[in-house]
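Residue-level listing of the chains:
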Amino acid sequence: MRACGHSGRASVVAAIVCVVDELVERVDAQDRVLGVVSRRDAVREGWMHRVGVVVCRDRQGRYLVHRRAEQLSRFPGHYELGVGGAAGVGESYEQAAARELSEELGARATVCLRFKFLNRGGLSPHWLGVCDAVLPKIGAIDRGEVAWYGWMTESELRRTLLQWTFTPDSQEIFGRYLACRADGAPSRKRYS
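These lines cover the structure that appears in this document, whether it is placed above or below. (Residues numbered from 1 in each chain as written. Predicted model: local features only at pLDDT ≥ 70, side-chain atom pairs only at ≥ 80, totals over all residues. Heavy atoms only, no water.)

## Observations concerning the overall build of the protein
So, point 1. From N to C terminus, the protein includes 5 helices and 10 strands.
So, point 2. Burial statistics for the protein: of 192 residues in total, 45% are counted as buried.
So, point 3. Looking at the protein alone, contacts between residues at least 24 apart form 60% of all its contacts between residues at least 6 apart.
So, point 4. Carbon and sulfur atoms form 51% of the exposed surface of the protein, whose accessible area is close to 10000 Å². (Helix = DSSP H or I, 4+ residues; strand = E, 2+ residues; numbered from the N terminus. Buried < 20%, exposed > 50% of the residue type's maximum accessible area, 1.4 Å probe, protein only. Contact = heavy atoms within 4.5 Å. Areas by Shrake-Rupley, 256 points an atom, 1.4 Å probe, with all protein chains shown as cover.)

## Concerning the pairing of strand S6 (residues 82-86)
So, point 1. For S6, the tally of buried residues reaches 4 of 5 residues, placing the bulk of the element in the interior.
So, point 2. Across 5 bridges, strand S3 (residues 50-57) lies against S6 in antiparallel orientation. Following the sheet pairing, Val 54 is matched in S6 by Val 83. (Pairing = 2+ DSSP bridges.)

## A look at the packing of aromatic side chains
So, point 1. This structure, assessed with the given rule, holds 7 aromatic pairs.
So, point 2. Plain terms: the ring middles of Tyr 79 and Phe 166 are 5.9 Å apart, the flat faces sit at 45° to each other, and that makes the pair tilted. Taken together, the residues Tyr 79 in strand S5 (residues 79-80) and Phe 166 in the loop between helix H4 (154-163) and helix H5 (170-182) connect sequence positions 87 residues apart. Across the pair, exposure class does not vary: Tyr 79 and Phe 166 are buried alike.
So, point 3. Ring plane angle 25° and centroid distance 6.3 Å describe the contact between Phe 115 and Phe 117, whose orientation is recorded as stacked.
So, point 4. Accessibility expressed as a relative area gives 4% for Phe 115, which makes it buried.
So, point 5. By relative accessible area, which is 0% here, Phe 117 ends up buried.
So, point 6. Chaining the aromatic ring pairs together yields one cluster made of Tyr 79, Trp 148, Trp 164 and Phe 166.
So, point 7. When the ring centre of Tyr 63 is taken as reference, the NZ or CZ atom of Arg 57 above it lies at 4.4 Å. (Phe/Tyr/Trp six-rings, centres within 6.5 Å; stacked < 30°, edge-to-face > 60°. Lys NZ or Arg CZ within 6 Å of the ring centre and 35° of its normal.)

## Description of the pattern of salt bridges
So, point 1. All chains considered together, the criterion is met by 18 salt bridges.
So, point 2. A salt bridge links Arg 50 to Glu 25; the shortest N-O distance between them is 3.0 Å. Linking Arg 50 in strand S3 with Glu 25 in strand S1 (residues 23-27), this pair joins segments that are 25 residues apart in sequence. Each member of the pair Arg 50 and Glu 25 is classed as buried.
So, point 3. Note that Glu 80 is salt-bridged to Arg 68, the shortest N-O span being 3.3 Å. Within this pair, whereas Glu 80 is found in strand S5, its partner Arg 68 is found in strand S4 (residues 63-68), the two being separated by 12 residues in sequence.
So, point 4. Through salt bridges that share partners, Glu 25, Asp 31, Arg 50 and Lys 116 make up one connected network. (Salt bridge = Lys/Arg side-chain N within 4 Å of Asp/Glu carboxyl O.)

## A few points about the pairing of S4
So, point 1. With respect to burial, S4 is a largely interior element, 5 of its 6 residues being buried.
So, point 2. Both S4 and strand S9 (residues 146-152) contribute to a ladder of 6 bridges, which runs antiparallel. In the strand pairing of S9, Arg 68 is matched with Val 146.
So, point 3. One ladder, built from 2 bridges, connects S4 with S5; its direction is antiparallel. Bridge pairing in S5 links Arg 67 to Tyr 79.

## Remarks on the side chain of Asp 41
So, point 1. Topologically, Asp 41 is positioned in helix H2 (residues 39-45).
So, point 2. Side chain to side chain, Asp 41 and Arg 44 meet in a polar contact 2.5 Å long. (Polar contact = N/O pair within 3.5 Å; in protein donor to acceptor, adjacent residues only side chain to side chain.)

## With respect to H4
So, point 1. Of all the residues in H4, the buried ones are Leu 157, Thr 160 and Leu 161. Here the buried residues of H4 occupy an arc of 105° about the axis, which is enough to place them on one side. Within H4, the exposed residues directed more than 90 degrees away from the buried face are Leu 162 and Gln 163.
So, point 2. The secondary structure elements touched by the buried residues of H4 are S4, S9 and H5. (Arc of directions from axis to C-beta.)

Here it is, written out as structure tokens:
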């Protein structure tokens, strides 16, 4: 978290007005840490940082799709394949994905990194670590983040990706995820 101040001393007014921003690690094109910055600055300046997402499946192999809440600043009301968010300072892709899964869906599961890629779509460039998990159940949903969710077969998801408004990276996540599965080595980490 970023501390807020006002002319060298804290004040109640400054604390109320100041919006606390999450800290992330700024990284380079090889995913090496360059320093710590606020996520807001990383997005505004176009600095690369890390984001971890998890593709969730149920025991029948269906994919979880959710719609982002309307009040979110980034892609409000868009559908999304991955549940995730920015990796905090010192946090791995898996840790970020597992934390977001818990915060947004109230779910806990073993999260495994499958691949990462430099994602230039969306608001700013970032390394996207794509994990997956089998969800036995969904808990208490954070309605401030998730407006709706549902399970889809692979064919339903293929069709829906073309018909509904998804976040810019959902299509690429799905394509790369299927390619990774087709390689026949689900536990191998892939980087591109």
